[in-house]
Amino acid sequence: MSDNNQQQNQINIELDEKVADGIYSNLAIINHSASEFVLDFVTLMPGVPKAKVKSRIILTPQHAKRLLKAINENIHRFESSYGEIKDTDQPQIPLNFGTAGQA
């Protein structure tokens, strides 16, 4: 591939400071319809009965599947370098928290 073609295929992505700090999440709630997947990222704190959605990502089904593949590939790379990620017991979610699935 020529240098000119490589430059045309590059995407310039900007990351501002607030977004670069990230948001901690220890619960993901996933809902979907025929046209979109909605991922809500929540931080649950011990002893606190209420939690807020910290971030929401809305994806097309095609992008959701690509994200799944990318996460699977990166987990494989991580485990190849650092060993298996141990799956711990799932935390108990209060019944009044919501009816959506969890990840």
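Each value, and the rule that gives it
- Residues numbered from 1 in each chain as written.
- Predicted model: local features only at pLDDT ≥ 70, side-chain atom pairs only at ≥ 80, totals over all residues.
- Heavy atoms only, no water.
- Pairing = 2+ DSSP bridges.
- Helix = DSSP H or I, 4+ residues; strand = E, 2+ residues; numbered from the N terminus.
- Salt bridge = Lys/Arg side-chain N within 4 Å of Asp/Glu carboxyl O.
- Buried < 20%, exposed > 50% of the residue type's maximum accessible area, 1.4 Å probe, protein only.
- Phe/Tyr/Trp six-rings, centres within 6.5 Å; stacked < 30°, edge-to-face > 60°.

The pairing of strand β1 (residues 27-32) with strand β2 (residues 37-42) spans six bridges and is classified as antiparallel. Bridge pairing links H32 to F37 in β2. Connecting the antiparallel pair β1 and β2 is a turn made up of four residues. The pairing of β2 with strand β3 (residues 53-59) spans six bridges and is antiparallel. Directly across from F37, in β3, lies its bridge partner L59.

Using the criterion set out here, one finds three salt bridges in the structure. The residue R56 makes a salt bridge to D40 at a minimum N-O spacing of 2.5 Å. With R56 in strand β3 and D40 in strand β2, this residue pair connects regions lying 16 residues apart in the sequence. For D40, a relative accessible area of 6% gives the class buried.

Under the criterion given, the structure shown has one aromatic pair. Judged by centre distance (4.8 Å) and plane angle (45 degrees), the ring pair of F78 and Y82 falls under tilted. Of the two residues, F78 and Y82 are both situated in helix α3 (residues 61-82); the distance of four residues between them amounts to about one turn of the helix. With relative accessibility at 41%, the residue F78 sits in the partly exposed group. Assessed through its relative accessible area of 65%, Y82 is described here as exposed.

Distances and angles like these do not, on their own, reveal function.
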